[in-house]
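Structural characterization, general
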Amino acid sequence: QVQLVESGGGLVQAGDSLRLSCAASARTFSSYVAGWFRQALGKEREFVACINSSGGSTYYGDSVKGRFTISRDNFRNTVYLQMNSLKPEDTAVYYCALARGYTMTKNAANYDYWGQGTHVTVSS
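This section reports on the structure supplied with the text. (Residues numbered from 1 in each chain as written. Predicted model: local features only at pLDDT ≥ 70, side-chain atom pairs only at ≥ 80, totals over all residues. Heavy atoms only, no water.)

1. Some details on the overall build of the protein
In plain terms, the rule: Every helix listed is a DSSP run of H or I at least four residues long, and every strand listed is a run of E at least two residues long, numbered separately from the N terminus. In this description the radius of gyration comes from C-alpha coordinates, and the expected globular size is given by 2.2 Å times residues to the power 0.38. Think of it in three bands: with a 1.4 Å probe and only protein chains considered, a residue is buried below 20% of the maximum accessible area for its type, exposed above 50%, and partly exposed in between. Whether two residues are in contact is decided by their heavy atoms, any of which lying within 4.5 Å being enough. Note on areas: these come from Shrake-Rupley sampling with a 1.4 Å probe, and a residue is covered only by the protein chains present in the view. Positive charges come from Lys and Arg, negative ones from Asp and Glu, while His and the chain ends are left out of the count. Lysine's charge is taken at NZ, arginine's at CZ, aspartate's at CG and glutamate's at CD.
Helix and strand content of the protein: zero helices and 11 strands. The order of α-helices and β-strands along the protein, N terminus first, is β-β-β-β-β-β-β-β-β-β-β. Since a compact globule built from 124 residues should have a radius of gyration of about 14 Å, the 13 Å found for the protein is in line with a globular shape. With the C-alpha coordinates of the protein rotated into their principal frame, the extents come out at 40 × 25 × 25 Å. In the protein, which comprises 124 residues, the proportion classed as buried is 45%. Across the protein, contacts joining residues at least 24 apart in sequence account for 58% of those joining residues at least 6 apart. Of the roughly 6,500 Å² of accessible surface on the protein, a fraction of 44% belongs to carbon and sulfur atoms. The protein carries 12 positive and 9 negative side-chain charges, and their two centres are separated by 6 Å.

Below is the structure:
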């Protein structure tokens, strides 16, 4: 069974930066696509970013392009989300997830394992 634990969330002001981490227990972490999703109050789950198994390719949702960077350390079994120039609209619970059997996917339904989420609140 794969377990994911997110950390690094908090309360920040607009323009600040945060780095989220997701520690995975997966034995074969390096074989999974890793993704970040977020869900704001009253809104549907939104794709944020994903990274392929080797870390050589990334993809971002339109709302975070140029501001967020996803990365992974397969030796540490950890995926990161560096968030810069945060906006109040970024306020949400952020979830990391792993997908098996894909080279890349932004579809939440394709992800097999999910963390419990970490809260990010950006004040204006």
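2. What about the pattern of salt bridges?
Under the convention used in this document: For this analysis, a salt bridge means a side-chain nitrogen from Lys or Arg found within 4 Å of a carboxyl oxygen belonging to Asp or Glu.
One pass over the structure, following the stated rule, counts five salt bridges. In this structure, D90 and R67 form a salt bridge, with 2.7 Å as the shortest nitrogen-oxygen distance. Of this pair, D90 sits in the loop between strand 8 (78–83) and strand 9 (92–99) while R67 sits in the loop between strand 6 (58–60) and strand 7 (68–73), and the two are 23 residues apart along the sequence. Classification of D90 as buried rests on a relative accessible area of 1%. Among the residues examined, R67 registers a relative accessible area of 11% and is labelled buried. Through salt bridges that share partners, R38, E46, R67 and D90 make up one connected network.

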